[in-house]
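Each chain, written out:
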Amino acid sequence: MALRSDWSRRTCSMARGLDILGDPWGMLVLREVFFGNGRFDAIKARLGASDSVLTRRLAALVEAGLLTRRPYDDGGRPRQEYVLTAKGEDVLPVLNAVVIWSEKHLSAPSEQAHMFVVHSGCGQRTTSADSCTACGKRLTAENTSWHSLTRTATPVSLATAPATQETTQTNGTAA
Ligand SMILES: [Zn+2]
């Protein structure tokens with residue numbers, strides 16, 4: 001995405017990962033897609049990003065294989081929305097960790113400015129990024145909710161990567 005030098009060939013896997021995951025706008029785009037906001041205008045409205053900033057981040061996330069485009073019908077106009085891939089869904093513990101770390105160490109500007117990671121299975125908040133600290137279950141996008149107090153009164157179930165051809169579910173709705 002040409003925001004800085006390319007780290008994709010670094011010998012350290014943390015550096016290679018940060019080449020993709022180290023961009024705040026890119027991570028906030030992923031936040032929106034996990035929240036179920038995969039359409040350009042909806043992401044733009046939430047982030048307050050310019051068209052060019054958002055366009056570049058979406059292209060970079062698609063190029064890196066974390067998001068994919070899916071067509072939808074916008075009142076007769078064919079358009080595209082962004083959905084997670086399995087590779088993108090695997091970023092969940094990273095995003096969870098950012099939220100949990102921030103809640104632990106950073107002051108919030110208001111009482112409403114908090115966000116929690118919730119295990120939908122037991123309904124409890126967790127303070128671990130990859131498992132529920134209340135019941136021990138491993139967290140997946142399927143069983144995790146995020147509760148941003150400024151967004152909604154109750155936790156929101158996260159989006160998951162749509163089923164692929166190889167793992168098509170029996171309900172026949174997979175594209
Ligand atoms: Zn739990």
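Every chain is numbered on its own, with residues counted from 1 as its sequence reads. Thresholds applied to this predicted model are a pLDDT of at least 70 for local features of residues and 80 or more for the giving and counting of side-chain atom pairs; totals over whole chains, interfaces and linings are not thresholded and use all residues.

## Here's the deal with the domain arrangement of the protein chain
Alright, step 1. Throughout, the edges of the domains are those of an automatic or database domain assignment. One can read the domain layout of the protein chain as domain 1 (13-88) and domain 2 (91-157).
Alright, step 2. Summarising the inter-unit geometry, the C-alpha centres of domain 1 and domain 2 are found 21 Å apart.
Alright, step 3. Contact between two residues is assigned whenever their backbone-derived C-beta positions fall within 7 Å. Listed by partner, the interface residues are eight residues for domain 1 and six residues for domain 2.
Alright, step 4. Take the side of domain 1 that touches domain 2: its biggest share by element is four residues, from helix H2 (residues 24-34).
Alright, step 5. Polarity classes work like this: nonpolar for Ala, Val, Leu, Ile, Met, Phe, Trp, Tyr, Cys and Pro, charged for Asp, Glu, Lys and Arg, and polar for all others, with Gly in that last group. For the side of domain 1 that touches domain 2, the class distribution of residues is six nonpolar, one polar and one charged. Numbering goes from the N terminus for both helices and strands, where a helix is a DSSP run of H or I of at least four residues and a strand is a run of E of at least two.

## A look at the environment of Glu32
Alright, step 1. Tracing the backbone through its elements, the reader meets Glu32 in helix H2.
Alright, step 2. Along the sequence, Glu32 and Tyr82 sit 50 residues apart, while their C-alpha atoms lie 10 Å from each other.

## Considering helix H6 (residues 92-105)
Alright, step 1. Relative to the 20 Å expected for 14 residues at 1.5 Å per residue, H6 spans 20 Å between its end C-alpha atoms, a close match to the ideal helical length.
Alright, step 2. Lining the buried residues of H6 we find H2, helix H5 (86-89), strand S3 (115-119) and strand S5 (144-148). Under the convention used throughout, the expected extent of a helix is 1.5 Å for every residue step, that is, one less than its residue count.

## Points about the environment of Ile43
Alright, step 1. The topology assignment puts Ile43 in helix H3 (residues 40-47).
Alright, step 2. Around each residue's C-beta, the other C-beta atoms within 10 Å are counted; 20 or more make the residue buried, 12 or fewer make it exposed, and counts in between make it partly exposed. All C-beta atoms are placed from the backbone. For Ile43, a count of 22 C-beta atoms within 10 Å corresponds to the buried category.
Alright, step 3. Between the alpha carbons of Ile43 and Leu18 there is a distance of 22 Å; along the sequence they are 25 residues apart.
Alright, step 4. Setting aside residues up to four positions removed in sequence, Ile43 forms contacts with Val29, Glu32, Asn37 and Leu54.

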